[in-house]
Amino acid sequence: MAFDKVTREQDYSKWYNNLVEDADLAQHSSVRGCMVIKPYGYAIWEKMQQELDRRFKETGHQNAYFPLFVPKSLFEAEEKNAEGFAKECAVVTHYRLESDPDKEGKLRVDPKAKLEEELIVRPTSEAIIWNTYKGWIQSYRDLPILVNQWANVVRWEMRTRLFLRTAEFLWQEGHTAHATKKEAVEETRQMLEVYAEFAETVLAIPTIKGTKTESERFAGADDTLCIEGLMQDGKALQMGTSHFLGQNFAKAFDVKYTTKEGKQDYVWATSWGVSTRLMGALIMTHSDDEGLVLPPNLAPIQVVIVPIYRGMEQLETISDRMEPIIKNLRKRGITVKFDNRDTHKPGYKFAEWELKGVPIRIAIGPRDLENGTVEVARRDTKEKQVLELTDIENKIEHLLEAMQKEIYLSALNFRDNHITNVNTWDEFKEVLENKTGFISAHWDGTAETEDKIKELTKATIRCIPFDNKQEPGECIYTGNPSKERVLFAKAY
RNA sequence: CGGGGUGUAGCUUAGUCCGGUUAAAGUGCUGGUCUGGGGGACCAGAGAUCGGUGGUUCGAAUCCACUUACCCCGACCA
């Protein structure tokens with residue numbers, strides 16, 4: 001393990017890269033732009049999956065799996081969607097290798113094995129799924145279809161960063177079909193609420209829910225809703241999206257159903273997704289210069305117990321003392337690790353578990369054995385306290401609950417302090433450069449102005465928040481009339 | 001994909017400009033002794049065909065060409 005001492009202050013992106021590798025979350029692979037998610041990092045992703053999956057099921061969805069490959073002809077059916085992703089598609093053109101006649105022991109692509117039709121490696125699955133739904137839907141009785149899939153997708157990115165943007169990433173994509181527009185719109189909104197609630201209660205990340213502007217919208221959608229988070233360096237991160245797809249895919253794939261009245265109509269669609277990018281959000285929202293900070297609801301190990309001892313006999317005594325406590329904690333659903341490795345010193349273990357973000361550390365040594373106490377340290381605030389062993393399970397459980405709330409509140413406080421109302425162009429640039437964070441400002445509603453602002457400042461409109469206050473004003477850049485403020489920020 | 005930078009032991013790097021015997025250090029690793037309440041100390045060891053391929057040369061980590069990976073900036077993007 002390398003103990004790099006780069007702080008967030010010194011070099012935020014270096015700090016991020018070091019943390020991802022040093023905390024054993026992920027590493028670069030020998031495939032360009034692709035990462036290896038290591039067991040500890042994957043355990044966190046699995047927790048996210050479990051929590052989300054439960055919420056999807058509770059809202060009536062079922063999981064299914066669709067192919068990795070999409071025939072080109074299907075892919076191009078919905079034009080806007082195809083165009084939006086065309087530049088970053090991996091394409092399979094051949095299906096066989098053969099021994100290279102010119103180079104001993106090497107293989108080459110068999111030129112005789114060219115595919116009739118190229119296969120696109122899915123950058124998203126609307127095409128293959130809507131092509132399938134066509135066969136599933138005849139009548140209003142077949143609707144709604146509420147399906148989700150956990151999958152990998154490939155987007156051939158030019159510039160990659162672990163978790164935030166990789167060529168291959170893991171995600172879930174929900175794809176639903178509805179008889180009415182109203183129902184599809186409600187589904188789109190419902191799933192965004194699921195994401196927001198998950199982000200707040202599990203990831204402990206506050207989000208802003210809103211609508212994307214036309215230029216930030218998903219290719220092929222009529223409307224894109226999003227949750228936006230704010231990272232510690234003042235940049236925004238899109239954490240999840242939910243799209244109202246209208247009848248665009250139904251029309252492209254000719255998916256009609258017979259209504260109660262016996263008429264033919266196109267079905268209405270939604271899609272929604274979050275990805276391993278959430279790992280990046282998690283890291284950049286809570287972690288500090290000592291390493292990862294995990295909210296208890298997401299930590300693969302919630303409590304680590306470090307024995308302090310001299311000689312095996314003392315370790316035995318401590319183990320015997322802790323054994324029933326560990327059992328009781330586990331009975332309450334708390335994940336506990338008793339770090340009895342004799343190969344490392346306590347100080348080393350302290351630092352290692354801090355780096356990995358374990359919420360609570362319990363240290364117990366001979367002094368504690370005498371006094372009937374333990375030392376309890378919390379990762380987020382680094383506070384240490386000596387607690388009586390009596391009823392320790394209850395105290396730990398309550399502390400975990402309190403930490404979950406406080407980690408969220410601390411992120412919320414940072415976020416709220418970084419939403420700045422701005423009324424002049426000079427102020428806009430000043431806040432963007434120095435204070436950073438979200439800027440709430442008037443915008444004349446045109447894509448031209450949005451583009452111009454992006455070109456000049458790198459700031460984009462992150463979203464138009466839900467239930468936005470209607471307030472007449474003048475566009476920050478053009479001075480044209482505006483009816484509400486929107487949120488700008490530099491973003492990942 | 002355009003511009004810049006970096007690849008030397010598991011990791012972090014020195015050496016490269018100005019070619020010359022056996023490639024250096026810290027950390028990590030292995031064994032041992034002492035240790036143990038915040039990344040331990042000492043002793044002994046193992047570990048590198050210097051990112052890859054080709055070239056120049058009596059001789060290449062060092063010079064040249066190509067290539068590949070990563071990092072930073074830009075365009076693009078979840």
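Bear in mind the structure is a predicted one, so any value in this text is a computation, not a measurement. (Residues numbered from 1 in each chain as written. Chains lettered and ligands numbered in written order. Predicted model: local features only at pLDDT ≥ 70, side-chain atom pairs only at ≥ 80, totals over all residues. Heavy atoms only, no water.)

### Observations regarding the packing of aromatic side chains
Inference 1: Counted under the stated rule, the structure contains 16 aromatic pairs.
Inference 2: Centre to centre, the rings of W425 and F428 are 5.2 Å apart; their planes meet at 15°, and the pair counts as stacked. Taken together, the residues span about one helical turn, with W425 and F428 both in helix α13 (residues 425-435) at a distance of 3 residues. With respect to class, W425 is no different from F428; both count as buried.
Inference 3: Here the aromatic residues W45, F56, W150, Y195 and W272 are joined through ring pairs into a cluster of three or more.
Inference 4: Taking the ring centre of W15 as reference, the NZ or CZ of R8 above it sits at 6.0 Å.
Inference 5: Its guanidinium or amino end placed over the ring of F350, R361 lies 3.9 Å from that ring's centre, counting from NZ or CZ. (Phe/Tyr/Trp six-rings, centres within 6.5 Å; stacked < 30°, edge-to-face > 60°. Helix = DSSP H or I, 4+ residues; strand = E, 2+ residues; numbered from the N terminus. Buried < 20%, exposed > 50% of the residue type's maximum accessible area, 1.4 Å probe, protein only. Lys NZ or Arg CZ within 6 Å of the ring centre and 35° of its normal.)

### As for the nonpolar core
Inference 1: Membership of the largest hydrophobic core comes to 55 residues, with the highest contact counts inside it found for L25, I44, M48, F163, L203, M239 and I283.
Inference 2: Both of domain 1 (12-68 + 126-286) and domain 2 (296-406) provide at least three residues apiece to this core.
Inference 3: With residues near it in sequence (within four places) discarded, I44 still touches L25, M279, L282, L292, L294, L298 and P300.
Inference 4: Ranked by size, the runner-up nonpolar core spans 29 residues in total, among them F85, I128, A179 and A269. (Core = buried A, V, L, I, M, F, W, Y, C linked by side-chain atoms within 4.5 Å. Domains from an automatic or database assignment. Contact = heavy atoms within 4.5 Å.)

### A look at helix α9 (residues 312-331)
Inference 1: Look at α9: 28 Å from first C-alpha to last across 20 residues, which is about the 28 Å you get at 1.5 Å a residue.
Inference 2: At M322, α9 is bent by approximately 35°, the largest bend along its length, and proline P324 sits one to four residues beyond.
Inference 3: Those residues of α9 that sit buried are L315, I318, M322, I325, I326 and L329.
Inference 4: Residues of α9 that are buried make contact with β17 (303-307), β18 (336-338), β19 (360-364), α11 (366-371) and α12 (392-416).
Inference 5: Once α9 ends, the next one or two residues include G333, with phi positive near 85°. (Expected span 1.5 Å × (residues − 1). Bend = angle between axes of the 7 residues up to and from the residue.)

### So, the pattern of salt bridges
Inference 1: Taken as a whole, this structure holds 42 salt bridges when the rule is applied.
Inference 2: Across the pair D254 and K256 runs a salt bridge, and its minimum N-O distance is 3.8 Å.
Inference 3: For K256, a relative accessible area of 33% translates into the label partly exposed.
Inference 4: Note that R332 is salt-bridged to E397, the shortest N-O span being 2.7 Å. Linking R332 in the loop between α9 and β18 with E397 in helix α12, this pair joins segments that are 65 residues apart in sequence.
Inference 5: Residue classification places E397 among the partly exposed positions, given a relative accessible area of 23%.
Inference 6: Each member of the salt-bridge network shares a partner with another, and the members are E51, R54, R55, E58 and E197. (Salt bridge = Lys/Arg side-chain N within 4 Å of Asp/Glu carboxyl O.)

### Quick notes on the sheet that holds strand β4 (residues 69-71)
Inference 1: Read from one edge of the open sheet, 3 strands run β4-β8-β5, paired in antiparallel fashion. Each end of this open sheet is capped by a strand with a single partner; those strands are β4 and β5 (91-94). The sheet shows a mean angle of 35° between the axes of neighbouring strands, taken without regard to direction.
Inference 2: Note: β5 against strand β8 (residues 114-121), 3 bridges, orientation antiparallel. Pairing of V92 across the sheet is with L119, part of β8. (Pairing = 2+ DSSP bridges. Axes fitted to C-alpha atoms, helices over the stretch in contact; angles between N-to-C directions.)

### Brief notes about helix α2 (residues 39-58)
Inference 1: Between the first and last C-alpha of α2 there are 28 Å, a value that for 20 residues agrees with the 28 Å anticipated at 1.5 Å per step.
Inference 2: In the stretch just after α2, G60 is the one whose phi turns positive, near 90°.

### Let's talk about the packing of α2 against helix α8 (residues 277-286)
Inference 1: The interhelical angle for the contact between α2 and α8, taken along N-to-C directions, is 105°, at an axis separation of 10 Å. Considering the angle they form, α2 stands roughly perpendicular to α8. Facing G41, I44, W45 and M48 of α2, the residues of α8 in contact are L278, M279 and L282.
Inference 2: Split by residue class, the contact of α2 with α8 holds 6 nonpolar, 1 polar and no charged. (Parallel < 35°, antiparallel > 145°, perpendicular 65-115°, else oblique. Nonpolar A, V, L, I, M, F, W, Y, C, P; charged D, E, K, R; others polar.)

The quantities given are spatial measurements derived from coordinates; they are silent on function.
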